[in-house]
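A structural walkthrough
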Amino acid sequence: MDIFASGRDHPRLGGQGKGTALSIADIMRGFLPGSIEAGLNRAYGRSLRHYGATPQAVFWNSRKSQEARFAALLAMVSRDLAAKGRSDTAPVIADIGCGYGAMLDYMRARPGLSSWGYQGVDINAAMIRECRTRFASDKPRFTLGRTPASAADYAVFSGTFNLCLIADEDRWPSYIIDCLAGCWPHCRRGMALNLLCRKQTGVSNRIYYADRDHMVRTLSRFGRVEAMPTVGVKHDVSFLVTR
């Protein structure tokens, strides 16, 4: 699931969708306290019903900010393949938190990426149904769950971990690592993800901010880590972890 990255990406603060914009209070109404994925499911289901298959449905204010993150993560994958002498090999990408399938749209519109294999995975059943409707001839590509349905070269998480809807924000970093650990055995080469980062870590307006250096150290449990700023997106950092 993609998630709005800052105040300017918040649909309440200038976003235009199908009807009146939703606020964080709207999204959170009726959540079960302490339930991480139940809260996320409720938020995304409600947003999809309100906005339809648009960037706003997955909490981006604009397609530009959404696609800037896609570009950064997939470029890291491309560079890793080139560094290992595999630039002529089309990898299989597992898009974890695929939402309504925007990354597949992005890849298919670009010749350098259109030949890559793709799996879409999401914990939200409504999002998976939307993907299977939008990509009717590719229904098997989309699965409900937390991990790739079959082995992939890279798992990619674009905005998946930015929105934190639980009161105990200290649980969120552990949730992130648990999700990555669940996917790691299914990845032949590595994982790519983005996070909002700043020195003052924690949750602000329900958005989680990590510490870049601490995240590099934490991710090193899986393998070699690269981190770089996401071009054109304030505070956003893209990470690549490889075997």
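Calculation criteria
- Residues numbered from 1 in each chain as written.
- Predicted model: local features only at pLDDT ≥ 70, side-chain atom pairs only at ≥ 80, totals over all residues.
- Heavy atoms only, no water.
- Pairing = 2+ DSSP bridges.
- Helix = DSSP H or I, 4+ residues; strand = E, 2+ residues; numbered from the N terminus.
- Salt bridge = Lys/Arg side-chain N within 4 Å of Asp/Glu carboxyl O.
- Buried < 20%, exposed > 50% of the residue type's maximum accessible area, 1.4 Å probe, protein only.
- Expected span 1.5 Å × (residues − 1).
- Contact = heavy atoms within 4.5 Å.
- Axes fitted to C-alpha atoms, helices over the stretch in contact; angles between N-to-C directions.
- Arc of directions from axis to C-beta.
- Polar contact = N/O pair within 3.5 Å; in protein donor to acceptor, adjacent residues only side chain to side chain.

Sheet topology places strand S8 (residues 224-229) next to strand S9 (residues 236-242); six bridges connect them, and they run antiparallel. Its bridge partner lying in S9, Glu226 is registered against Leu240. Where S8 folds back on S9, the antiparallel hairpin that results is connected by six residues, among which Gly232 adopts a positive phi of roughly 85°.

Turning to the pattern of salt bridges, a few remarks are in order. If you walk through the whole model with that rule in mind, you get 12 salt bridges. We note a salt bridge from Arg110 to Glu67, for which the minimum N-O separation is 3.7 Å. In this pair, Arg110 is assigned in the loop between helix H4 (102-108) and strand S2 (117-122) and Glu67 in helix H3 (residues 63-83), connecting sequence segments 43 residues apart. Look at Arg110 and you get partly exposed, because its relative accessible area is 29%. The closest approach of N and O atoms between Arg189 and Asp153, which form a salt bridge, is 3.6 Å. Of this pair, Arg189 sits in strand S5 (residues 187-196) while Asp153 sits in strand S4 (residues 152-157); the two residues are 36 residues apart in sequence, bridging distant segments of the chain. On the accessibility criterion, Arg189 (21% relative accessible area) is partly exposed. On the basis of relative accessibility, which here comes to 8%, the residue Asp153 falls in the buried class. Within the structure, one salt-bridge network assembled from shared partners comprises Arg108, Asp138 and Arg141.

Below, the discussion takes up H3. The end-to-end C-alpha distance of H3, which contains 21 residues, comes to 30 Å, matching closely the 30 Å that a straight helix rising 1.5 Å per residue would cover. Those residues of H3 that sit buried are Ser65, Gln66, Ala68, Arg69, Phe70, Ala72, Leu73, Leu74, Met76, Val77, Asp80 and Leu81. If you follow the buried residues of H3, they end up packed against strand S1 (92-96), H4, S4, S5, S8 and S9. Directly after H3, the chain includes Gly85, whose backbone phi takes a positive value near 70°.

What follows covers the sheet that holds strand S3 (residues 142-144). Spatial ordering of the open sheet is given by S3-S2-S1-S4-S5-S9-S8, a layout of seven strands whose pairing is mixed. Of all the strands in the sheet, the pair left with one neighbour each is S3 and S8. On average, each strand axis in the sheet is inclined to that of its neighbour by 20°, with strand direction left out of account. In terms of strand pairing, S1 meets S2 through five bridges, oriented parallel.

Taken together, the buried positions of helix H5 (residues 125-134) are Met127, Ile128 and Cys131. Looking down the long axis of H5, one finds its buried residues gathered within 100° of arc, a one-sided arrangement. Along H5, exposed side chains directed more than 90 degrees from the buried face belong to Arg129 and Thr133. Contacts made by the buried residues of H5 are with helix H2 (36-51), S2 and S3. One side-chain oxygen of the residue at the start of H5 lies 3.0 Å from the amide nitrogen of Ala126, identifying that residue as Asn124.

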